[in-house]
Amino acid sequence: MLRNSFSVAHALRNSFSSNVWRAASSHGPRQPLVSPDRRLEMAHPTFTERSQLKYARRLVVKLGSAVITREDNHGLALGRLASIVEQVAECHLEGREVMMVTSGAVAFGKQKLAQELLMSLSMRETLNPKDSKEFEGATLEPRAAAAVGQSGLMSLYDAMFAQYGVKIAQVLVTKPDFYNEETRNNLFCTLSELISLNIVPIINTNDAVSPPMFIRDDEPAGGARRGIPIKDNDSLSAMLAAEVQADLLILMSDVDGIYNKPPWEDGAKLMHTYNSNDSSSIEFGKKSKVSPDPWGTGGMDSKVKAATWALDRGVRVVICHGMPEKAITTIIGGRKVGTFLHRRPPITSTTVSVEVMAREPVTRTGSRQMQALTPAQRASAVNTLADLLVSREKFILEANAKDLAEAQKNGLAKPLLSRLSLNSAKLKNLAIGLKQIAEDSHKNVGRVLRRTRLAEGLELKQVTVPIGVLLVIFESRPDSLPQVAALAMASGNGLLLKGGKEAAHSNRALMDLVTEALVTVGAEHAVSLVSTREEISDLLIQQQSVHIPVLGHAEGVCHVYIDRDADLQKALHIARDAKCDYPAACNAMETLLIHEDLMSGDIFGDVCNMLKREGVKINAGPRLNQQLTFGPPAAKSLRHEYGALECCIEIVPSLEEAINHIHTFGSGHTDVIVTENVLPEPYRTVPN
């Protein structure tokens, strides 16, 4: 049901104009209700998690040129634009205040002028062929294209929004408008009144008249107060979002978000969250393919600077790709789309980002460290934790008292308060239980459950091994944390823990003790504490499989390692079967690792000849590629599932390096070590 009543609109919205602006008189310029400096200090909702974005009430959505123009840069991508309009209208009809900053006038104008140019060229060829040749070299002036395209672009927006009963208004601005106090105030009063009238303002720069100037932050024109340099629509959007105290700014472009390096380079990773501390770890690439001008227009560097500026003024920002369907509503729904810029307390050793913990060396390396420990060492770590629960009782109870005080203030029910509460007796009982776990842990890992003789000299064993990395979610019951941690330590597993938010102080204190116990055996990263629900949702199977038990995997980047002490004929047979029997299977070999000492013999040549006879295309890993003057082409990536008669060959200096390579580039599906040597104890129980 569409909302078109002014009274309903005012009921759903707190009056924007009454909060910030007021008219001094009907004959004079409008003045801000509060000073500009005070506006920057006024409180915004503190959104530190994506799940809180559903409460964002005032939005600024910026559409980059690459989002609304076609891939060939001739005209607008109408289907994509219609989807974005639908989402903005949906937000508006829910009672949110939405402003749009849009590009596209130049592209739309160029499309129209190009048609006129062709018609003129055809006419000139008919009248005077000599003139037509000179006219062929003519270029389309961007200012003229903007003048032609602005009216057409707004007519298109008006028709699209009209389908949802939403009224729009065009607001054309130039850069000097922000550096003259009177025009600046008038601009924001206009935006205020439009929103109070239930109208969506669509702001774009008046490129038909705007000069290509660059007004610096420390050289404001006309004595206006300092702000962000307005040099593109990213900085324009940031300025608007800060001035109107927007809860959320969405910058839509042709890139998925912020990457740690240019996204086309190997090893580039999308950063799902970003704060100013991450700036030193980012390497920016080229600017937007649509607007690669020397001023930085459209570049990711420009977007990050503008977003950080807005963030410093209380605006939460998401940088995302504008092409996926429902990107805006998905962001507001709390799902992981693009890069979420926000301010969060510095990450500590116990609250590392979940993606770093689960995928990168922090927890996975810690898990392997746990697996490499002897049973006595694992038991020692658990016993140390038990002792710390008693010796550090005061430290634990002080943290627990903070949780109890906050819970009582928030009206937590008495049964839940009882679960949350810790005392001396509980801690002593916990310590006794942990010591029992330590005593029973010596045969947890490496125990033979069953032996089956398959043939002469061939025996199959079923042996207990650690799972790898566990994720355990528990309620606001802090005594669960040391119990679960002790069980993971005793079984040689890495662990991610997520406790109830009501026990945050207690959990952090107990986690400090767990880390202290793990330090004594060199496995301090084996257990980590996850801080938010958003991080947990990224690790869980999504809603399509809510009622279905699932055992799944995503990739099959499988390895075969031929050790220095391998039976080479056996190794050849294994490599052939692993790659060629069913190359499309998820457990087919994708990378063959060879001990470097074998390169002086015949095995490398024999392997290559065998694979070529089978029709396998070979790619060389970086180390192998450096040793060969002539040889296979370099592999584009070591983390690639070919799924065909193609593989990568790489050399490694040792068994340990082979295992590290597999953990770094493999998917944990199926990996093989070919050797006649008995593996060292730590490697007998390493799970896939």
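Residues numbered from 1 in each chain as written. Predicted model: local features only at pLDDT ≥ 70, side-chain atom pairs only at ≥ 80, totals over all residues. Heavy atoms only, no water.

Draft legend 1. Layout of the overall build of the protein chain. Along its length, the protein chain carries 26 helices and 22 strands. Residues counted as buried form 45% of the 688 residues belonging to the protein chain. Considering only intrachain contacts with a sequence separation of at least 6, the fraction spanning at least 24 residues in the protein chain is 75%. As displayed, the protein chain offers around 33800 Å² of accessible surface, 52% of which is attributable to carbon and sulfur atoms. (Helix = DSSP H or I, 4+ residues; strand = E, 2+ residues; numbered from the N terminus. Buried < 20%, exposed > 50% of the residue type's maximum accessible area, 1.4 Å probe, protein only. Contact = heavy atoms within 4.5 Å. Areas by Shrake-Rupley, 256 points an atom, 1.4 Å probe, with all protein chains shown as cover.)

Draft legend 2. Representation of the nonpolar core. Core analysis: the biggest nonpolar cluster contains 40 residues, and Phe 178 and Ile 203 have the highest contact counts within it. Counting residues per element, the ones that place at least two in this core are β4 (97–102), β5 (167–173), α9 (181–196), β6 (199–205), α10 (233–243), β7 (248–253), α11 (300–312) and β11 (316–321). With seven residues, α11 is the largest single contributor of residues to this core. Within the second largest apolar cluster, 39 residues are counted, among which are Val 67, Leu 81, Met 100 and Val 337. (Core = buried A, V, L, I, M, F, W, Y, C linked by side-chain atoms within 4.5 Å.)

Draft legend 3. Up close: the pattern of salt bridges. A complete count under the given rule lists 20 salt bridges for this structure. For Lys 62, the salt bridge goes to Asp 234, with nearest N and O atoms at 2.9 Å. Taken together, the residues Lys 62 in strand β3 (residues 58–63) and Asp 234 in helix α10 connect sequence positions 172 residues apart. Residue Lys 62 shares its accessibility class with Asp 234, and that shared class is buried. Across the pair Arg 184 and Glu 243 runs a salt bridge, and its minimum N-O distance is 2.5 Å. Of this pair, Arg 184 sits in helix α9 while Glu 243 sits in helix α10, and the two are 59 residues apart along the sequence. A relative accessible area of 3% means that Arg 184 is categorised as buried. Linked through salt bridges whose partners overlap, the residues forming this network are Arg 57, Arg 58 and Glu 97. (Salt bridge = Lys/Arg side-chain N within 4 Å of Asp/Glu carboxyl O.)

Draft legend 4. Summary view of the environment of Arg 576. As for its position among the elements, Arg 576 is in helix α22 (residues 568–580). On a C-alpha basis, the gap between Arg 576 and Glu 614 in space is 8.3 Å, while along the polypeptide they are 38 residues apart. Beyond its immediate sequence surroundings of up to four residues, Arg 576 is in contact with Asp 581, Met 610 and Glu 614.

Draft legend 5. Spatial organisation of the sheet that holds strand β12 (residues 339–341). As summarised here, the arrangement of the eight strands in space is β5-β6-β4-β3-β7-β11-β12-β10, forming an open sheet in which the pairing is mixed. Sheet topology places β5 and β10 (273–274) at the edges, where each strand pairs with a single neighbour. Contacts between helix α8 (residues 142–162) and the sheet are confined to β3, β4, β5 and β6, with β5 contributing the most and set at about 155 degrees to the helix. (Pairing = 2+ DSSP bridges. Axes fitted to C-alpha atoms, helices over the stretch in contact; angles between N-to-C directions.)

Draft legend 6. Broad picture of the packing of aromatic side chains. A complete count under the given rule lists one aromatic pair for this structure. Aromatic side chains Tyr 157 and Phe 161 sit 6.4 Å apart centroid to centroid with 35 degrees between the ring planes, which places their arrangement in the tilted category. Taken together, the positions of Tyr 157 and Phe 161, both in helix α8 and four residues apart, correspond to about one turn of that helix. Comparing Tyr 157 with Phe 161 shows no difference in burial state: the two are buried. (Phe/Tyr/Trp six-rings, centres within 6.5 Å; stacked < 30°, edge-to-face > 60°.)

Draft legend 7. Layout of the sheet that holds strand β21 (residues 646–652). Strands sit in the order β20-β21-β19-β18-β22 across an open sheet of five strands; the sheet is parallel. The two strands at the open ends of the sheet, each matched to only one other strand, are β20 (617–620) and β22 (671–674). Taking the axes of each pair of neighbouring strands and ignoring which way they run, one obtains an average angle of 20 degrees across the sheet. Sheet analysis places strand β18 (residues 558–562) next to strand β19 (residues 589–595), joined by five bridges and oriented parallel. The residue of β19 that forms the bridge with Tyr 561 is Leu 593. Across the sheet, helix α23 (residues 603–613) is in contact with β18, β19, β20 and β21; its angle to β21 comes to roughly 175 degrees. Here helix α25 (residues 655–665) sits on the sheet in contact with β18, β19, β21 and β22, set at roughly 175 degrees to β18.

Draft legend 8. Helix α15 (residues 375–391), seen in detail. For α15, which comprises 17 residues, the first-to-last C-alpha distance of 25 Å matches the rise-based estimate of 24 Å (1.5 Å per residue) to within 8%. For α15, every residue scored as buried is listed here: Arg 378, Ala 379, Ala 381, Val 382, Leu 385, Ala 386, Leu 388 and Leu 389. (Expected span 1.5 Å × (residues − 1).)

Draft legend 9. Looking closely at the confidence of the model for the protein chain. Looking at the protein chain, pLDDT values average 78 and 75% of them are 70 or higher. Scored below 50 in pLDDT, residues 287–297 shows 24 contacts in the model against residues more than four places distant or in partner chains. (pLDDT = per-residue confidence, 0-100.)

Draft legend 10. Broad picture of the state of the cysteines. Going through the model one piece at a time under the given rule, you end up with zero disulfides. The thiol sulfur of Cys 586 is not disulfide-bonded, and the nearest other cysteine sulfur, from Cys 558, lies at 7.0 Å. Cys 647 takes part in no disulfide bond, and the closest cysteine sulfur to it belongs to Cys 648, at a distance of 7.3 Å. Under the relative-accessibility criterion, Cys 647 is labelled buried at 0%. (Disulfide = S-S within 2.5 Å.)

Draft legend 11. Region of interest: unusual backbone geometry. Backbone geometry places Asn 198, a non-glycine residue, at a positive phi of 70 degrees. Mapping Asn 198 onto the fold places it in the loop between α9 and β6. A relative accessible area of 9% places Asn 198 in the buried class. Of note in this structure, Gln 245 is not a glycine but carries a positive phi near 55 degrees. Along the polypeptide, Gln 245 turns up in the loop between α10 and β7. The class of Gln 245 is buried, set by a relative accessible area of 10%.

Draft legend 12. Seen up close, the side chain of Asn 233. As for its position among the elements, Asn 233 is in helix α10. A distance of 2.8 Å separates polar atoms of two side chains, one belonging to Asn 233 and the other to Ser 103. Sequence-distant contacts of Asn 233, that is, excluding residues within four places in its chain, are made with Lys 62, Val 101, Thr 102, Ser 103 and Thr 205. (Polar contact = N/O pair within 3.5 Å; in protein donor to acceptor, adjacent residues only side chain to side chain.)

Draft legend 13. How the structure looks around the packing of α15 against helix α18 (residues 424–439). Interaxial distance between α15 and α18 falls to 8 Å at its minimum, and their mutual angle equals 170 degrees. As judged from the angle between their axes, α15 and α18 are roughly antiparallel. Residues Ala 379, Val 382, Asn 383, Leu 385, Ala 386, Asp 387, Leu 389 and Val 390 of α15 form the contact with α18, whose participating residues are Leu 427, Leu 430, Ala 431, Leu 434, Lys 435, Ile 437 and Ala 438. Each residue belonging to the contact of α15 with α18 can be placed in one class, and the counts come to twelve nonpolar, one polar and two charged. (Parallel < 35°, antiparallel > 145°, perpendicular 65-115°, else oblique. Nonpolar A, V, L, I, M, F, W, Y, C, P; charged D, E, K, R; others polar.)

Draft legend 14. Up close: the environment of Tyr 259. You can see Tyr 259 is positioned in strand β8 (residues 258–259). With 80 residues separating them in the primary sequence, Tyr 259 and Thr 339 have C-alpha atoms 8.8 Å apart.

Draft legend 15. Quick peek at the pairing of β6. Within β6, seven of the seven residues are buried, leaving the element largely enclosed by the surrounding structure. By the alternation rule, side chains of β6 split into Ile 199, Pro 201, Ile 203 and Thr 205 and Val 200, Ile 202 and Asn 204, which are all buried. Across two bridges, the pairing between β4 and β6 is parallel. Among the inter-strand pairings, Met 100 is bridged to a residue of β6, identified as Ile 202. Pairing of β5 with β6 involves seven bridges; the strand directions are parallel. The residue of β6 that forms the bridge with Ile 168 is Val 200. Traced from β5 through α9 to β6, the parallel crossover comes out right-handed. (Right-handed = clockwise from strand over helix to strand, strands pointing away.)

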